[in-house]
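# Topology and contacts: notes
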Amino acid sequence: MHSLVTGGAGFIGSNLVDALLGEDPQARVTVLDKLTYAGSLENLRAWGPDRLRFVQGDVADLELVQGLLEGVDVIFHLAAETHVDRSVVGAEPFLQTNTVGTYRMLEAARLAGTPRFLQVSTDEVYGSIDQGSHTENDPLKPSNPYSASKAGGDMLCLAHHTTHGVPVLITRCTNNYGPRQYPEKLLPFFLARAEAGEPLPIYGDGQQVRDWLYVEDHCRALVFLARHGQPGEIYNISAQGEKTNLEVTLTLLERLGLSRELIRRVTDRPGHDRRYSLDSSKLRQLGWAPRVDFETGLDRTIAWYQANRDWLERIRLDSAEYRKFSEQYYRERLSSSTAFFPR
């Protein structure tokens, strides 16, 4: 199988490349990645040019994408701007990549007659849910510019399937975690700060609920659906391991042997959804199930970052983009923070 993975130099994308090439010795992968701040060729260093072709470019470049699709059996479209806080500060890059970029990818697939197209989306398009879990038939109610831009891409996928017959499947997953996640996301961000003795900013009361899915389980689901999923359908992917942000933070500190006094309460962000929850029974009935529970996955994640401190430190110390947003953004909030667990 020859796969095109957009965003393949990023966190989930590079783990998907590992899954595709590690499972099938005959598989070949082309990665298209713009190499923005969250992507790195270092994430792909395990694979040589005999099986992996890398192309630097933009998914919104229709001519470029068309030139990559000859002989491609399946497109895994992961390229996206994903950080909600960044979308609140400035939404335009999210619209350009997540919506316009998805449209251009669909057009390229339509013109090339690509046999299968997986749109990798997010649980956030459904919005918050107080009780129960979202199914694939629930209406979309995005709460922030990031999730709205992803919902727009999803709608274009369904329209291209209905109007043009493009064989699109949409997957919507819960919070991913694991090796090589860019350290503006909660777990690697807090891990790096905690080990440096720096305060951990928790939004509001920390009771926001997320379902934590280990990245290898997510990638197995994507490969599985490329083979067994039905075009025109939507598939939720979840671990059914819901935890509050505070629970995750306390577990992380316990694993590191550090004090919970590092936690600081900061003002909640605008449009912050309270709880995400997905019903993934549709996918499970096809034969997929997660293999890694949260505690095991967290231990693996911590072990990877501790064994690859140079990878993490290069981003934290050398990346102007990281300093410009993550450090500055949270420093401003921490300046007026309060202790979460006062002495």
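Predicted, not measured: the structure shown is a model, and the values here were computed from it.

When its secondary structure is counted, the chain shows 12 helices and 13 strands. With respect to the principal axes defined by its C-alpha atoms, the chain has extents near 65 × 45 × 35 Å. The buried share of the chain, reckoned over its 343 residues, is 55%. Just so you have it, the chain exposes about 14,200 Å², and 48% of that area is on carbon and sulfur atoms. The centroid of the 38 positive side-chain charges in the chain is displaced by 2 Å from the centroid of its 45 negative side-chain charges.

Leu187, Leu252 and Ile263 are the most contacted members of the largest nonpolar core, which totals 35 residues. Within the residue set of this core, elements represented by two or more residues are α6 (186–195), β8 (200–203), β9 (209–214), α8 (245–256), β12 (263–266), α10 (294–307), α11 (309–318) and α12 (320–334). Look past the residues within four positions of Ile263 in its chain and what remains in contact with it is Leu200, Ile202, Leu246, Thr249, Leu250, Leu253, Ala339, Phe340 and Phe341. In terms of nonpolar packing, the next biggest core, distinct from the first, is built from 34 residues, Ile12, Ala27, Val31 and Val120 among them.

Moving on to the sheet that holds strand β11 (residues 242–244). With respect to topology, 3 strands assemble into an open sheet ordered β7-β9-β11, the strand pairing being mixed. If you trace the sheet from one side to the other, it starts and ends with β7 (175–177) and β11, each paired once. The mean inter-strand angle of the sheet, taken between neighbouring strand axes irrespective of direction, is 50°. Pairing analysis gives 3 bridges linking β9 to β11, with the strands arranged antiparallel. Counted as the bridge partner of Arg210 is Lys243 from β11.

So, about the sheet that holds strand β13 (residues 338–339). Think of a sheet as strands paired side by side through backbone hydrogen bonds, with each pair either parallel or antiparallel. If you trace the 3 strands from one edge of the open sheet to the other, you get β8-β12-β13, paired in mixed fashion. Pairing within the sheet leaves two strands with one partner each, and these edge strands are β8 and β13. As defined by bridge partners, β12 adjoins β13 across 2 bridges and the pair is classed as antiparallel. By the bridge assignment, Arg264 is partnered in β13 with Ala339. The sheet contacts of α8 involve β8 and β12, and relative to β8 the element is tilted by about 160°.

Counted according to the given criterion, the structure contains 0 disulfides. We note that Cys173 lacks a disulfide partner, and the nearest cysteine sulfur, in Cys219, lies 9.4 Å from it. When its relative accessible area of 8% is taken as the criterion, Cys173 is described as buried.

For the rest of this paragraph, the subject is the packing of α8 against α10. Contact pair α8 / α10: the axes reach a minimum separation of 11 Å and the direction vectors enclose 55°. By the angle between their axes, α8 is oblique relative to α10. α10 is crossed by α8, and the crossing has right-handed handedness. Every residue of α10 that contacts α8 at Val248, Thr251, Leu252, Arg255 and Leu256 is listed here: Phe294, Glu295, Leu298, Asp299, Ile302 and Gln306. A per-class count over the contact of α8 with α10 returns 6 nonpolar, 2 polar and 3 charged.

As enumerated under the stated definition, the model contains 19 salt bridges in all. Across the pair Lys282 and Glu233 runs a salt bridge whose closest N-O atoms are separated by 2.6 Å. Placement of the pair is Lys282 in helix α9 (residues 281–284) and Glu233 in the loop between α7 (215–228) and β10 (234–237), with a sequence separation of 49 residues. Under the relative-accessibility criterion, Glu233 is labelled partly exposed at 32%. What emerges from the salt-bridge pattern is a single network uniting Glu42, Arg45, Asp310 and Arg314.

A separate point is the packing of aromatic side chains. Each pair of aromatic rings is reported with the distance of its centres and the angle of its planes. A complete count under the given rule lists 11 aromatic pairs for this structure. Relative to Tyr182, the ring of Tyr37 lies with its centre 5.0 Å away and its plane at 75°, an arrangement referred to as edge-to-face. You can see Tyr37 sitting in the loop between β2 (28–33) and β3 (52–56) and its partner Tyr182 sitting in the loop between β7 and α6, a full 145 residues away along the chain. Their ring planes at 80° and their centres at 5.2 Å tell us that Trp304 and Trp311 sit as a pair that is edge-to-face. An aromatic cluster of at least three residues, connected via ring pairs, comprises Tyr177, Trp212, Tyr214 and Phe294.

Attention now goes to helix α1 (residues 11–23). Counted at 1.5 Å a residue, the expected span for α1 with its 13 residues is 18 Å, and the 19 Å between its end C-alpha atoms agrees. Regarding α1, the residues found buried are Phe11, Ile12, Gly13, Ser14, Asn15, Leu16, Val17, Leu20 and Leu21. Of the surrounding secondary structure, the elements contacted by the buried residues of α1 are β1 (2–6), β2, β3, β4 (74–77), β7 and α7.

Within the element layout of this structure, Arg227 appears in helix α7. Separated by 111 residues in the primary sequence, Arg227 and Arg116 place their C-alpha atoms 9.3 Å from one another. Ignoring anything within four residues of it in the chain, the contact list for Arg227 reads Glu23 and Arg116.

What follows is about the side chain of Thr122. Secondary-structure assignment places Thr122 in strand β5 (residues 117–122). Beyond its immediate sequence surroundings of up to four residues, Thr122 is in contact with Tyr146, Lys150, Thr171, Arg172 and Cys173.

Conventions used here
- Residues numbered from 1 in each chain as written.
- Predicted model: local features only at pLDDT ≥ 70, side-chain atom pairs only at ≥ 80, totals over all residues.
- Heavy atoms only, no water.
- Helix = DSSP H or I, 4+ residues; strand = E, 2+ residues; numbered from the N terminus.
- Buried < 20%, exposed > 50% of the residue type's maximum accessible area, 1.4 Å probe, protein only.
- Areas by Shrake-Rupley, 256 points an atom, 1.4 Å probe, with all protein chains shown as cover.
- Lys, Arg positive; Asp, Glu negative; His and termini not counted.
- Charge placed at Lys NZ, Arg CZ, Asp CG, Glu CD.
- Core = buried A, V, L, I, M, F, W, Y, C linked by side-chain atoms within 4.5 Å.
- Contact = heavy atoms within 4.5 Å.
- Pairing = 2+ DSSP bridges.
- Axes fitted to C-alpha atoms, helices over the stretch in contact; angles between N-to-C directions.
- Disulfide = S-S within 2.5 Å.
- Parallel < 35°, antiparallel > 145°, perpendicular 65-115°, else oblique.
- Left-handed = near helix turned anticlockwise from the far one by under 90°.
- Nonpolar A, V, L, I, M, F, W, Y, C, P; charged D, E, K, R; others polar.
- Salt bridge = Lys/Arg side-chain N within 4 Å of Asp/Glu carboxyl O.
- Phe/Tyr/Trp six-rings, centres within 6.5 Å; stacked < 30°, edge-to-face > 60°.
- Expected span 1.5 Å × (residues − 1).

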